[in-house]
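Notes for the structure review
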Amino acid sequence: MNNIVAIVGRPNVGKSTLFNRLIQRREAIVDSVSGVTRDRNYGKSEWNGKEFSVIDTGGYVRGSDDVFEGEIRKQVELAIDEADVIIFVVDVEEGITPMDDAVAKLLRKVTKPVLLAVNKVDNSMREKDAVEFYNLGLGEYFTFASISGSGTGDLLDALIDAFPVKPEPTQEEVVLPRFCVVGRPNAGKSSFINALIGEDRYIVTDIAGTTRDSIDTKFDRFGFEFNLVDTAGIRRKAKVKEDLEFYSVMRSVRAIEHSDVCILIIDATRGFEGQDQNIFWLAEKNRKGVVILVNKWDLVEKDTMSTRDYETKIREQLQPFTDVPILFVSALTKQRLLKALEETVKVYENRSQRISTSKFNDYMLKLIENHPPPALKGKYVKIKYCMQLPTPTPQFVFFANMPQYVKEAYKRFLENKIRENWDFSGVPIDIYIREK
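Each residue is numbered by its place in its chain's sequence as written, counting from 1. Selection of residues for local features in this predicted model requires a pLDDT of at least 70, selection of side-chain atom pairs for listing and counting requires 80 or more, and totals for whole chains, interfaces and linings are taken over all residues. Only heavy atoms go into the side-chain values, all of them from the structure, while hydrogens and water stay out.

Here is the rule we go by: UniProt positions are given in the numbering used here, feature names are shortened, and annotations may be inferred rather than shown by experiment.
If you look the chain up in an unreviewed UniProt entry, it shows as GTPase Der from Flavobacterium aquatile LMG 4008 = ATCC 11947. On record in UniProt, under Sequence similarities (unreviewed entry), the comment for the chain is "Belongs to the TRAFAC class TrmE-Era-EngA-EngB-Septin-like GTPase superfamily. EngA (Der) GTPase family." UniProt's Function (unreviewed entry) comment on the chain is quoted here verbatim: "GTPase that plays an essential role in the late steps of ribosome biogenesis."

Some remarks on the sheet that holds strand S16 (residues 395-400)
Defined as follows: The pairing criterion for strands is at least two bridges between them, as found by DSSP. The numbering of helices and of strands both runs from the N terminus, where a helix is a DSSP run of H or I of at least 4 residues and a strand a run of E of at least 2. Here an angle of 0 to 180 degrees is reported between the N-to-C directions of two axes, which are lines fitted to C-alpha atoms, with helices fitted over the stretch in contact. Contacts are residue-level and defined by heavy atoms, with any inter-residue pair within 4.5 Å sufficient.
Pairing is mixed in the open sheet, where three strands are placed in the order S15-S16-S17. The open sheet has two edge strands with one neighbour each: strand S15 (383-388) and strand S17 (430-435). The sheet shows a mean angle of 20 degrees between the axes of neighbouring strands, taken without regard to direction. Direction of pairing for S16 relative to S17: parallel, over a ladder of six bridges. What sits directly across from Phe398, in S17, is Ile433. In the packing of helix H12 (residues 357-370) onto the sheet, contacts are made with S15 and S16, and the angle to S15 comes to roughly 140 degrees. With respect to the sheet, helix H13 (residues 408-421) is in contact with S15, S16 and S17, its orientation differing from that of S17 by roughly 125 degrees.

Describing the packing of aromatic side chains
Definition in use: Classification of ring pairs uses Phe, Tyr and Trp, with its six-membered ring standing for Trp, and accepts pairs whose centres are within 6.5 Å; under 30 degrees between planes counts as stacked, over 60 as edge-to-face, and the remaining range as tilted. The rule is simple: take the accessible area with a 1.4 Å probe, protein chains only, and divide by the maximum for that residue type; under 20% is buried, over 50% is exposed, in between is partly exposed.
By the definition in use, this model includes 15 aromatic pairs. Here Phe52 and Phe163 contribute two aromatic rings whose centre-to-centre distance is 5.6 Å and whose plane-to-plane angle is 55 degrees, an arrangement assigned as tilted. Note that Phe52 is positioned in strand S4 (residues 50-57) and Phe163 in the loop between helix H5 (152-162) and helix H6 (171-175), a separation of 111 residues in sequence. On the basis of relative accessible area, Phe163 is assigned to the buried category, the value being 9%. Between Tyr134 and Tyr141 the ring centres are 5.0 Å apart and the planes differ by 65 degrees, which places this aromatic pair in the edge-to-face class. According to the relative accessible area criterion, Tyr134 is partly exposed, its value standing at 40%. We classify Tyr141 as buried; its relative accessible area is 15%. Grouped by ring-pair contacts, the aromatic residues Phe360, Tyr363, Phe396, Phe398, Trp422 and Phe424 constitute a single cluster.

This is the structure:
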């Protein structure tokens, strides 16, 4: 499981620029999942062979000094709660401001590693100016320039060293698959878990969760054992109004990276909204299995076409990854809850299935012969061999004489044909074209 890094600090110190540099994209919104506001983003990064998740908490302060303090406190506390390491960004040009002091006061109380990063240090004179940041009481600092990238290597080296040592998983944790329940606040995650637990208590045992609010519930049903990870602890942040959605994303990041399959619960009375889509794409980006449960279906006025219409609208918003199970349930009346778990188990098995190379070649090569990649610039691509890679998630490689001429549309065609012949419902698939 990846570590989570939160970038905190007052506005306009270069947090988003540092975030963009870490995820190696020019704009934070590109190939990252936005939070409630445009400046709150989630992305993946890697340094020296170690992957980690990055969360940008920028642009959250508006209004008077009182609002400054209140907003900073709420946002930084949320980041501290979920992150393994915190990067506190300050600006050497402006020096220590009262807002920096407010953030530093919170960070001095935490036990998690805090890296003080002084931005906009691009010459020796500013190196000397950075000395004043010792006054924040956070120990050593790292100087860097987020625009040019100068100094970020040293900061990242220290970041990797600061990650906590993950305990070796027990044999039970290795064997049992993990299904996490995620979704926006008040979608019915707690009710879903409680309905399952209240139905057959004798097969449920509580296991201490790895995060403060998560509880693993061990189930033994359908002749299949698994851990159901409840992330409903988000209710503890009920007093946080405008920041509740942001906390939802942070909690989902942690839960998704723990899991094999994500059970995304949406509120039928509100529809498949932007926050639901963000969480869905978090799961897809992390290559997890996904099952969508439309909860509170008993509260929706229905006609004979309601279910079909509702499902069609959701699939339109999921494109191009539309091969996802969608079930209509009610945690209150316990309608179709066990069916939902059965479907989740099926998605887990789909994610774990392996196709023999001979069967895969027999089917795919005949299909490719009848529908070869379109010629480009007079070049004809020939695919002679293909196989499934020995990876935890379904990945397939096709060996071609000129892989550079195989476009994304043809990869999508191959993926669709694989899904037609083998059941990979709810599971992201990766297609690679390599030179033979």
